[in-house]
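For reference, the chains in residue letters:
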Amino acid sequence: MIAIDTNVLLRYLLEDDAEQFRKAVKLISDQQKVLVTDVVLVETIWTLHGKKYQLKKPELVTVIQSLFQEPNIRFEDGQVVWLALTDYRNAKPMKGKKADFADALIVNKSKQIAKKENKPFNGSFTFDLAAQTLPGAKAPK
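Described in the following lines is the structure provided in the data block. All values derive from a computational prediction rather than experimental measurement.

**Overview of the packing of helix H3 (residues 38–49) against helix H4 (residues 57–69)**
Two quantities define a packed helix pair, namely the angle between the helix axes and the distance between the axes. Remark: H3 packs on H4, axes separated minimally by 10 Å, with the N-to-C direction vectors making an angle of 145°. The two elements H3 and H4 cross, and the hand of that crossing is right-handed. Contacts between H3 and H4 involve Leu41, Ile45, Leu48 and His49 on the former and, on the latter, Leu60, Val63, Ile64 and Leu67. Class assignment of the residues belonging to the contact of H3 with H4 gives a composition of 7 nonpolar, 1 polar and no charged.

Encoded structure:
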């Protein structure tokens, strides 16, 4: 197994630098499994959503779904990423703002860790009103 950084994943997805794209394809298409960590995935989504690329939520959902289709790509916990993707896709706006993918991943990763440690999950606390709409997210009191 190898791991890739955000810039390698972005070159692979964007094809915006021919030489780096070729190298990224070679890495991802090789015989080795390719780890995309949670940090790399979140940085990738933030970059694609940001000022330069301005991808909207449906396009970001498609990007994450496409990564699940890649035979060599592995996530830290694919089930947690999938649950986060579902929550992100279904997130309702709160005062004009929607929870982002990072919010959904934080909540779902927290739930999974509590489950693995055989502990009750009592919420993921945030001041972000949009994130509070996610299942398991709560406002501090």
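**Some words on the pattern of salt bridges**
When the charged atoms of two side chains lie near each other, side chains of opposite charge can form a pair. Under the defined criterion, the tally for this structure stands at 7 salt bridges. Notably, a salt bridge pairs Asp16 with Arg11, separated by 2.7 Å at the nearest N-O pair. Classification of Asp16 as partly exposed rests on a relative accessible area of 40%. For Arg22, the salt bridge identified is with Glu19, shortest N-O distance 2.7 Å. Of this pair, Arg22 and Glu19 both sit in helix H2 (residues 18–29), 3 residues apart, which is roughly one turn of the helix.

Cut-offs used in this document
Residues numbered from 1 in each chain as written. Predicted model: local features only at pLDDT ≥ 70, side-chain atom pairs only at ≥ 80, totals over all residues. Heavy atoms only, no water. Axes fitted to C-alpha atoms, helices over the stretch in contact; angles between N-to-C directions. Helix = DSSP H or I, 4+ residues; strand = E, 2+ residues; numbered from the N terminus. Left-handed = near helix turned anticlockwise from the far one by under 90°. Contact = heavy atoms within 4.5 Å. Nonpolar A, V, L, I, M, F, W, Y, C, P; charged D, E, K, R; others polar. Salt bridge = Lys/Arg side-chain N within 4 Å of Asp/Glu carboxyl O. Buried < 20%, exposed > 50% of the residue type's maximum accessible area, 1.4 Å probe, protein only.

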